[in-house]
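Next come the chains, spelled out residue by residue.
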Amino acid sequence: WSPTDRTNVSGYWEHRFFGSSYSAQISHHLPNVALSANFSRGITSYPQLALAIPAGASVSQFVDAAFATRIPDPTARAIAVQQFLANSGLPPTLATPVNFYGTALTLQQSINVQAVLIGKQNSVSFNVFHVISDAISATGNVLPPALQFGQNNTQTGAGASYSRPISGTTNFSANVTYSRTELNGTTGPLENTRSNNASASASLSTSLGPKTSLSGNVIYQWFNTPRSAINTGNSSAFNASVTISHTFF
C-alpha cells in the first residue's frame, strides 16, 4: 500500500504450526530524511542464518531514499549517493543483531527502526533493534535447556553516526554502537548469561591534493559479562591510526 509517493506500507500475516507468522515494513522519505521500521515473527534455519552473517543495514539504501525526491533519475542518484557517502564519512552499514549458527529451527521476533537525516552541514544516521530468538521444532523434539548453549537469546541494541564538513576539504565523522545479548533460559551451564558490547569511533579526513588524502581515526571498544557462568570479566581496546592515500591513476 502506497498512500503517497513518499510512503510505502507492506506486509503479510499467516497462521503456522508455531502460531502467528508475520512481517511488516513501513517506510517514508522526505527530501532530506528517510525513515524505516520493520516488524517480523517467523522461523529461520541454518542456511538462512549462514547467509545473514555478518549483519548490517545498508546506509546507502536510506540515503538513496532521501535523495529520491531531489534526484528522480536512478543512475544519477546512485552516483550522488556514492559521492555523498565518500565525502561525509558515514559508515556503509548500521549495527544490527547478529544471528548464530545452528542446525535447529529458530523462532525469531524482531523490531528494527532506522533513519537517515541529511542537513546542509550535519548528517545523522541511527537505528534501534530488538530480537528474541528461541529454538523450535515441528515435532517438539528440541534440545533440553541445558544443551542449547545460547540458542535462546534476546538481543537489544542501537547505533548512531554523525558527520560534518569542517571545511571544503576536511570532514569529521563519529560513530557509536551498543548491544546487549541475554540468554532466555534460566537453567543449564549458561544460566542467565548476559553480555554487553559497545564501541565508539571518531575520524577526521582531509584532502591534500587532487589525488592525495590524509585521515586520522580513533576507536574504543568495550565488552563485559556482568552475569555469566563463564566469567570473562571486562575487556577493552583503544586504537588510533593515521593514513595517507594517494591515487596514481
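These numbers were taken from a predicted model, which means no experiment stands behind them.

Asks: Hey, could you run me through the pairing of strand E1 (residues 7–16) in this one?
Replies: In the case of a regular strand, side chains alternate between the two sheet surfaces. Taken together, the ten bridges between E1 and strand E2 (residues 19–30) define a ladder with antiparallel strand orientation. Looking across to E2, one finds that Arg16 is bridged to Gly19. Following E1, the chain reverses through two residues before pairing antiparallel with E2.

Asks: Where do I start with the packing of aromatic side chains in this structure?
Replies: What describes a pair of aromatic rings is the distance from one ring centre to the other and the angle between the planes of the rings. Counted according to the given criterion, the structure contains one aromatic pair. For the pair Phe17 and Phe18, a centre-to-centre distance of 5.2 Å together with 90° between the ring planes defines the contact as edge-to-face. Its relative accessible area of 45% is what places Phe17 among the partly exposed residues. With a relative accessible area of 14%, Phe18 lands in the buried category.

Asks: Before we go on, may I ask you to explain the environment of Ile43 in this structure?
Replies: Tracing the backbone shows Ile43 in strand E3 (residues 33–44). Since its relative accessible area comes to 23%, Ile43 is described here as partly exposed. Along the chain, Ile43 and Gln108 lie 65 residues apart, while their C-alpha atoms are 6.0 Å from each other.

Asks: Looking at this structure, I do not really get the pattern of salt bridges. What am I missing?
Replies: If charged atoms from side chains of opposite charge come close, those side chains can pair. Evaluated as defined, the whole model comprises one salt bridge. The salt bridge partner of Arg16 is Glu14, with a shortest N-O separation of 4.0 Å. Under the relative-accessibility criterion, Arg16 is labelled partly exposed at 32%.

Asks: It is not clear to me how the pairing of strand E7 (residues 123–136) should be interpreted in this structure. Could you clarify?
Replies: Sheet analysis places strand E6 (residues 105–118) next to E7, joined by 14 bridges and oriented antiparallel. Residue pairing in the sheet places Ser110 in a bridge with Val131 of E7. Here eleven bridges tie E7 to strand E8 (residues 153–165), and the two strands are oriented antiparallel to one another. For Ser123, the partnering residue across the bridge sits in E8 and is Ser163.

Asks: Which parts of the structure should I look at to understand the confidence of the model for the protein?
Replies: Keep in mind that low pLDDT regions are not for reading the predicted coordinates in detail. Averaged over every residue, the pLDDT of the protein is 77; residues scoring 70 or more account for 70%. Within the protein, E1 carries the highest mean pLDDT (91), whereas helix H1 (residues 46–51) carries the lowest (44). Note that residues 47–56 has pLDDT below 50 and, in this model, 16 contacts with residues that lie over four places away or in other chains.

Definitions and limits used
- Residues numbered from 1 in each chain as written.
- Predicted model: local features only at pLDDT ≥ 70, side-chain atom pairs only at ≥ 80, totals over all residues.
- Heavy atoms only, no water.
- Pairing = 2+ DSSP bridges.
- Helix = DSSP H or I, 4+ residues; strand = E, 2+ residues; numbered from the N terminus.
- Phe/Tyr/Trp six-rings, centres within 6.5 Å; stacked < 30°, edge-to-face > 60°.
- Buried < 20%, exposed > 50% of the residue type's maximum accessible area, 1.4 Å probe, protein only.
- Salt bridge = Lys/Arg side-chain N within 4 Å of Asp/Glu carboxyl O.
- pLDDT = per-residue confidence, 0-100.
- Contact = heavy atoms within 4.5 Å.

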